[in-house]
Amino acid sequence: MKTTLLSMIIILITATACAGFIRGPFSGRVIDAETKEPIEGAVVLVEWNKRVVTGSPGGPTTYLQEIKETLTNKNGEFYIEEYKGFTINPLAKIEDPEFLIFKPGYCVLPKTFSIPACNDMKPKENYYDALVKGGTLVELPRLKTREERRMVSVGPEGEKSDWKKQKQFIKLIRQEWEYITGKPAGDLYKVE
């Protein structure tokens, strides 16, 4: 059977675009660092970014390719399915995923803040490797004061069009904003 040059190019581009990044699935358990009790209702976000070589003086450009979220269950467990997407642009590469774990009243993984309670969190690289392997235990330190909670600032990932895939995350951000300010969240990160 003859393979045309066009078929070979399509196969090569597809193979290049589909390989080379970590897809998942991801699983783990989130607990309180002090009490070792499970944290129910923490949002776990996994995002994949696409880096495109544009040839512009500014260098490569990065775009949010895909984002998935889930909440931890009553045992603090979470599971995020494998990302099945790909890119067919030979000048683009999907990067390995980034993780974010957020629960109001706790330090945020992997963000770092100059808050003493968060200084004992393991380095980002340790959690990243463990989350990629799956079944990891994530310990989040509790923030003790309203002032510490005020210092933890998070927002939705990507453009406003990406927010629809982050409804649980945005709900928790709005809840925390109302707790800290004592005012209704109004249109803060409102998702239509």
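Residues numbered from 1 in each chain as written. Predicted model: local features only at pLDDT ≥ 70, side-chain atom pairs only at ≥ 80, totals over all residues. Heavy atoms only, no water.

1. Quick look at the overall build of the protein chain
Scanning the protein chain for helices and strands turns up 4 helices and 7 strands. Starting at the N terminus, the α and β elements of the protein chain follow one another as α-β-β-β-β-β-β-α-β-α-α. Here the protein chain, with 192 residues, has 38% of them falling under the buried criterion. For the protein chain, the exposed area adds up to about 11300 Å²; of that, 54% sits on carbon and sulfur atoms. (Helix = DSSP H or I, 4+ residues; strand = E, 2+ residues; numbered from the N terminus. Buried < 20%, exposed > 50% of the residue type's maximum accessible area, 1.4 Å probe, protein only. Areas by Shrake-Rupley, 256 points an atom, 1.4 Å probe, with all protein chains shown as cover.)

2. Some details on helix H4 (residues 167-181)
In this model H4 runs 21 Å from its N-terminal to its C-terminal C-alpha over 15 residues, within 8% of the 21 Å that 1.5 Å per residue would give. If you check which residues of H4 are buried, you get Phe 169, Ile 170, Leu 172, Ile 173, Glu 176 and Ile 180. Projection of H4 onto a plane perpendicular to its axis shows the buried side chains occupying an angular sector of 160 degrees, all on one side. Looking at the buried residues of H4, the elements they touch are strand S2 (43-52), strand S3 (61-71), strand S6 (98-102) and helix H3 (146-151). Just downstream of H4, Gly 182 is the residue with a positive phi angle, here 75 degrees. (Expected span 1.5 Å × (residues − 1). Arc of directions from axis to C-beta. Contact = heavy atoms within 4.5 Å.)

3. As for the pattern of salt bridges
The full count for this structure, using the stated rule, is 7 salt bridges. The salt bridge partner of Glu 82 is Lys 84, with a shortest N-O separation of 4.0 Å. (Salt bridge = Lys/Arg side-chain N within 4 Å of Asp/Glu carboxyl O.)

4. Regarding the nonpolar core
As a rule of thumb, soluble globular proteins bury nonpolar side chains together. Formed by 37 residues in total, the largest nonpolar core has its most connected members in Ile 101, Phe 102, Leu 140 and Phe 169. Going through the elements one at a time, strand S1 (26-32), S2, S3, strand S4 (77-80), S6, strand S7 (136-140) and H4 are the ones with two or more residues in this core. Per element, the largest residue contribution to this core is 5 residues, and it comes from S2. What Ile 101 contacts, discounting residues up to four positions off in sequence, is Val 30, Ala 42, Val 43, Val 44, Cys 107, Val 108, Leu 109, Val 138 and Leu 140. (Core = buried A, V, L, I, M, F, W, Y, C linked by side-chain atoms within 4.5 Å.)

5. Quick notes on the confidence of the model for the protein chain
Of the residues in the protein chain, 76% reach a pLDDT of 70 or more, and the chain-wide mean stands at 80. Confidence drops under pLDDT 50 across residues 5-18; counting only partners more than four residues distant or on other chains, this segment forms 7 contacts. (pLDDT = per-residue confidence, 0-100.)

6. Observations concerning unusual backbone geometry
Of note, the amide linkage connecting Leu 109 to Pro 110 takes the cis form, showing an omega dihedral of 0 degrees. Looking at where Pro 110 falls in the secondary structure, it is placed in the loop between S6 and helix H2 (124-133). A positive phi is found at Lys 36, a non-glycine position, where the angle reads about 65 degrees. Relative to the elements of secondary structure, Lys 36 occurs in the loop between S1 and S2. If you check the backbone angles, Tyr 189 has positive phi at about 55 degrees while not being a glycine. When you line up the elements, Tyr 189 lands in the segment after H4.

7. Notes on the side chain of Gln 166
The topology assignment puts Gln 166 in the loop between H3 and H4. Take Gln 166: its relative accessible area is 0%, and that puts it in the buried class. At 2.8 Å, the side chain of Gln 166 forms a polar contact with the backbone oxygen of Glu 157. In contact with Gln 166, not counting residues within four places along its chain, are Leu 45, Ile 67, Glu 69, Pro 156 and Glu 157. (Polar contact = N/O pair within 3.5 Å; in protein donor to acceptor, adjacent residues only side chain to side chain.)

8. Section: the state of the cysteines
Put plainly, a disulfide is one covalent bond tying together the sulfur atoms of two cysteines. Enumeration over the complete set of coordinates arrives at 1 disulfide. With its sulfur 2.0 Å from that of its partner, Cys 107 forms a disulfide with Cys 118. Taking the sign of the S-S torsion, -95 degrees for the link of Cys 107 and Cys 118, the bridge is left-handed. Separated by 11 residues along the polypeptide, Cys 107 in the loop between S6 and H2 and Cys 118 in the loop between S6 and H2 bring together distant segments of the chain. (Disulfide = S-S within 2.5 Å.)

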